[in-house]
Every structure is written in C-alpha cells, then in structure tokens.
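So you can see what is in the structure, the chains are spelled out below.
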Amino acid sequence: MSVKVRIPTQLRSLSGGAGEVEVEGGTVGEALKALDVAHPGFTERLFDENGNVRRFVNVFLGEEDIRFLEGLGTPVPAGALISVVPAVAGGS
Amino acid sequence: MREGPFVEGLRCRECGRTYPAEALHVCEWCFGPLEVVYDYEAIASTVSRERIAAGPKTIWRYADLLPASAHGAVDLGAGLTPLLRADRLGAELGLSELWLKNDTVNPTGSFKDRVVSVALTRARELGFKVAACASTGNLANSVAAHAARAGMRSVVCIPANLETAKIVTTAVFGGLVVALTGNYDDVNRLCAELASEHPTWAFVNVNVRSYYAEGSKTLAFEVAEQLGWRAPDHVVVPIASGCQLTKVAKGFRELYKVGLLDGEPHVRISGAQAAGCSPVADAFESGADIIRPVKPTGIAKSLAIGNPADGGYALDEVRRSGGAVAAVTDSEIVDGIRLLARTEGVFAETAGGVTIAVLAKLVRAGVVKPKERVVAFITGNGLKTLDAVAADCGPTVTVSPDLDSFQAAVNVTDWQ
C-alpha cells in the first residue's frame with residue numbers, strides 16, 4: 001500500500017529537505033517504520049524508548065489524530081496521507 | 001547597569017538541549033517545548049520594586065523579566081489591569097478575602113493582549129513583517145489589533161463556528177481572517193503545518209510561542225505588586241492549553257528568584273475547565289499523568305482545546321502546589337457569569353464564568369479554604385460572548401412610557 005507521509009520542518013534534514021515522502025505500509029506504524037528504512041533516523045526521533053509515539057508528536061491520518069483511531073495499528077488505505085505534526089502549538 | 005532583555009537562549013523543557021533565541025518553539029530532537037532561558041543574576045542586580053513602579057503602566061513595567069525589549073514594543077497598553085477586592089462575591093461563596101484580576105479591560109478585552117504584545121515585539125525584533133495565529137477568538141482579536149498597531153500584516157485562522165462578535169472584532173482591523181470548517185484543534189494543526197510552509201510568518205502560538213507564552217507571567221507579577229508585593233495563597237486560573245496556568249506559577253517563582261518577594265511564595269494553583277472540554281480535569285480526577293485528547297463541545301469556546309499542549313505541565317503545577325482542577329457544566333458557567341456580574345459589576349465571557357463556577361465548586365469541596373487570600377483570573381470580556389447569556393438577560397418588563405404603566409408594572413416601592 002503506497003501512502004504519503006508529510007514531514008515537519010524539524011525533521012526535513014532527515015528526508016533530504018523533502019516535505020513529503022512516499023512509502024509502503026498497511027498501517028500507520030508500518031508506514032512510519034518504512035520511512036525510517038528509506039531515511040534512517042526517523043524512528044529515534046518519533047518514538048520513545050518504549051516504542052510509543054513521543055508525547056509531543058501528533059500523527060494524523062488524513063484529518064484525524066490517530067489517537068482517535070486505532071493508534072499505530074490504524075489501517076491505511078492506498079494513497080492516504082499521514083502527517084507528522086509537532087504537538088506544542090496553540091493556546092495560552 | 002546592564003540593559004535587558006536578559007535572554008541567554010532557548011532550552012527544551014523535556015531533554016534540555018539548547019538553542020539560540022530565534023523563531024523556534026519545539027526541540028528538533030524530541031519535539032518538547034522550548035523555554036526562554038534568562039540570566040537571573042543579571043536580572044536580580046537590575047530589577048527593583050522602585051524601578052518597576054517607575055515604569056510604564058502596562059506589562060512593559062516588567063520588561064526585565066520578559067524576552068523582548070520595551071523600547072519599540074508593540075504596545076496598545078496591555079496589562080496593569082485592576083485587581084478588585086470582591087467582598088460581595090466572597091460572601092456569597094464563603095471566602096473572607098477574594099480578589100478578581102480583571103483582565104476584561106485589556107485593549108481588546110482579554111488577557112491575550114499580554115502575550116501578543118510580547119510575541120509581536122519579539123517577532124519584529126526578529127525581522128518578521130507578518131503576524132499569524134490559530135485562535136478561538138480572543139487571540140484573533142488581539143493579533144489583528146496589535147498587527148495593525150505595528151503596521152504588520154496579519155493572517156488569523158479561526159474555527160468557522162466562532163461567536164459572531166469575535167469574528168467582527170477581528171475582521172475590523174483589516175487583516176486576513178480565514179474561517180476553517182473544523183474545530184480549534186483542526187485549526188491549530190493546520191497552523192502548525194503552515195508554519196513549516198511560511199517561515200517568514202510569525203505565528204504567535206507556533207514558531208514564536210516560546211516568547212508569546214512568557215507574556216502570561218505578567219498576570220502573576222501584577223497580582224503580587226498590587227497586593228503590596230505579597231503572593232496570594234490560592235489562585236484559580238482557566239485552562240485551555242494549560243500555558244497560562246504554568247506561566248502564572250512560573251511568574252510567582254521568578255519574583256522570588258530575583259528578589260522581588262521577601263519570602264518564598266507557596267501559591268496553591270487550581271485550574272478551571274468546562275465539562276464540554278475537560279481533558280485536564282479528567283486526568284486530575286483519575287490520577288492520570290497523560291492527558292487524553294477530547295472533542296470539545298459546549299459554550300466555553302475560548303477554552304475549547306481538546307488536545308492541550310501544556311496540559312501535562314499544568315497538571316504538574318496543580319498537583320505540586322496542592323490545588324485541584326475541576327470542570328463545570330454550561331448552565332453552571334452561565335450562572336457563574338451572572339453571579340460575578342450581579343455581585344461585583346464585572347461582565348466576563350464564558351471563560352470567566354468557568355473560573356467563578358469552578359471556584360464555587362472548589363470552595364464547596366473544601367479545596368479552596370475560607371480564610372485563604374484567593375485570586376480568580378477573569379480573562380475575557382462578556383461582550384464577546386453575548387449569546388451565552390442573551391436568553392436570560394433581557395428587559396425585566398416592557399411597558400408604555402407613562403407613569404401609570406410604570407407604577408403598575410414595576411412594583412418596587414420598598415426601594416429607597
């Protein structure tokens with residue numbers, strides 16, 4: 001399943017400057033693993049030592065935060081867009 | 001004497017990595033929030049109660065403790081709002097010393113003028129010419145107004161379902177107002193992505209957030225100064241992202257650190273949320289460390305952040321200080337607005353209703369003690385959320401303009 005992952009500025013040094021990377025994967029977790037295979041370094045930046053998405057990283061499938069779906073196990077349809085977005089923003 | 005700002009750089013609150021004082025808001029390594037690092041020794045040898053008293057009657061009197069220079073500040077006069085002794089409301093709630101920090105009277109009617117004045121001052125120092133934000137309304141008003149004042153362009157992103165008053169009072173300043181078909185968390189997420197695509201725009205609560213957030217410390221600074229350089233025993237602060245609450249706590253600590261308070265303050269800090277969006281109150285209640293995001297509902301739109309960036313830090317501050325976080329229903333919020341207005345003459349927006357209703361709840365629960373010196377933060381003006389009370393607040397009676405009709409309809413002969 002080919003999906004697109006949108007990369008935030010803070011991680012674009014890992015993707016050679018690209019803001020979007022196409023990878024293969026049947027779930028959100030698989031797609032993010034594939035991202036690390038294509039561009040090594042993503043896993044240690046996105047996940048903590050227990051393999052969970054870091055506290056200050058939000059991952060969206062389309063418009064929805066994966067925490068409202070099935071987390072990293074959320075299935076991704078072909079052509080889906082996964083966005084990695086820093087969580088610290090907004091409010092006061 | 002050295003002149004400020006006394007900023008050394010930025011530091012990740014999670015992993016401690018350091019960064020220069022530029023337009024950066026999250027750690028490139030772990031995405032933790034970046035905090036401004038100050039040279040407190042230099043501040044302590046410069047700042048004094050007298051120097052502050054001789055300063056402007058705005059937040060900029062505390063410039064030594066802010067991350068931007070007062071010279072050339074983007075300033076509409078935010079801050080130094082009244083601290084009102086609230087004896088009638090206190091009596092209704094069973095409190096002997098209640099104060100209201102009345103931030104409804106800021107230039108655009110909310111505490112956001114504090115943070116925006118700091119953010120745009122720093123943004124201009126960094127060379128930005130465009131100000132932007134994701135907003136639930138109060139911030140939109142303030143960014144649009146301060147950008148106009150500074151001669152900057154503004155791009156304000158809001159949820160399309162916002163209260164009409166907040167849209168009008170933003171658009172009047174002439175910037176771009178982009179209404180998005182989603183909730184605040186959707187708007188916020190888009191702005192986090194837009195900040196990557198438009199690095200020449202200063203998103204006050206994204207890429208210059210580290211500076212912006214510091215503006216909320218001035219709430220604590222002012223309360224202490226207005227109490228005669230004493231800290232209160234207990235403060236009640238509304239929670240949206242949780243940022244304001246954590247910065248109020250930091251503000252009291254800093255005053256002691258730089259020698260402006262005689263003793264170390266022990267301020268209990270309690271947080272107020274609406275039941276329609278209570279992720280921090282829920283975590284407090286269940287003893288959890290992790291904030292579970294929610295989908296907001298209800299009338300308190302200015303607090304409707306379902307995924308609060310500083311929720312965890314706010315929870316830490318509350319727990320460490322011995323406070324509590326509670327949530328109240330929409331009808332309790334309306335009652336809170338009306339109680340505050342009826343007893344003290346202050347008309348607050350829904351967030352103020354949340355604060356008063358939560359204060360009442362925490363007094364009943366025994367968390368806020370009757371003899372404590374309590375300060376409630378009233379952070380936004382009621383004219384912005386007229387819809388919340390419109391159904392309950394109309395003419396008492398409508399009569400024809402003649403004496404007999406009046407006397408017959410208005411039976412208050414015992415009012416002398």
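Residues numbered from 1 in each chain as written. Chains lettered and ligands numbered in written order. Predicted model: local features only at pLDDT ≥ 70, side-chain atom pairs only at ≥ 80, totals over all residues. Heavy atoms only, no water.

Peer 1: I would appreciate a short explanation of the domain arrangement of chain B in the present structure.
Peer 2: In many analyses, interface size is given as the accessible surface area lost on bringing the parts together. Residues and elements named next belong to chain B. Looking at chain B, the domain boundaries give domain 1 (7-75 + 112-212) and domain 2 (83-108 + 216-390). Averaged C-alpha coordinates put domain 1 and domain 2 at centres separated by 22 Å. Between domain 1 and domain 2, the contact holds 36 residues from the first and 40 residues from the second. Interface area, domain 1 with domain 2, both sides summed: about 3300 Å², of which 49% is carbon and sulfur. At the boundary of domain 1 with domain 2, the tally comes to eight salt bridges. Put simply, E35 and K250 hold a salt bridge, and the shortest N to O gap is 3.2 Å. Counting the contacts that link domain 1 with domain 2 gives 22 residue pairs in polar contact (both at pLDDT 80 or more). Of all the secondary structure elements, the ones that give two or more residues to the side of domain 1 that touches domain 2 are β3 (34-38), α1 (40-46), α2 (49-53), α4 (112-125), α5 (138-150), α6 (164-171), α7 (184-197) and α8 (209-214). Ranked by the residues each element gives to the side of domain 1 that touches domain 2, the list is headed by α5, at four residues. (Domains from an automatic or database assignment. Contact = heavy atoms within 4.5 Å. Buried area = accessible area lost by both parts, 1.4 Å probe. Salt bridge = Lys/Arg side-chain N within 4 Å of Asp/Glu carboxyl O. Polar contact = N/O pair within 3.5 Å; in protein donor to acceptor, adjacent residues only side chain to side chain. Helix = DSSP H or I, 4+ residues; strand = E, 2+ residues; numbered from the N terminus.)

Peer 1: Sorry, what's going on with the interface of chain B and chain A here?
Peer 2: In this assembly, 36 residues from chain B lie in contact with 29 residues from chain A. Interface area for chain B against chain A, summed over the two sides, is near 2900 Å², with a carbon-plus-sulfur share of 53%. On the chain B side of the contact with chain A, W29(B), F31(B) and R189(B) bury the most area, a combined 27% of that side's loss. At the surface where chain B touches chain A, the tally comes to four salt bridges. The residue E64(A) makes a salt bridge to K295(B) at a minimum N-O spacing of 2.7 Å.

Peer 1: Help me understand the sheet that holds strand β3 (residues 57-61) of chain A in this model?
Peer 2: Pairing within the open sheet is mixed, and its five strands lie in the order β2-β1-β5-β3-β4 (chain A). Edge strands, defined here as strands with exactly one partner in the open sheet, are β2 (20-24) and β4 (64-65) of chain A. Judged from the two bridges that link them, β3(A) and β4(A) form a sheet pairing that is antiparallel. What sits directly across from L61(A), in β4(A), is E64(A). Of the strands in this sheet, β1 (2-6), β2, β3 and β5 (81-86) of chain A are in contact with helix α1 (residues 28-38) of chain A, which crosses β2(A) at around 115°. Contacting β1, β3 and β5 of chain A, α7(B) runs over the sheet at an angle of about 85° to β5(A). (Pairing = 2+ DSSP bridges. Axes fitted to C-alpha atoms, helices over the stretch in contact; angles between N-to-C directions.)

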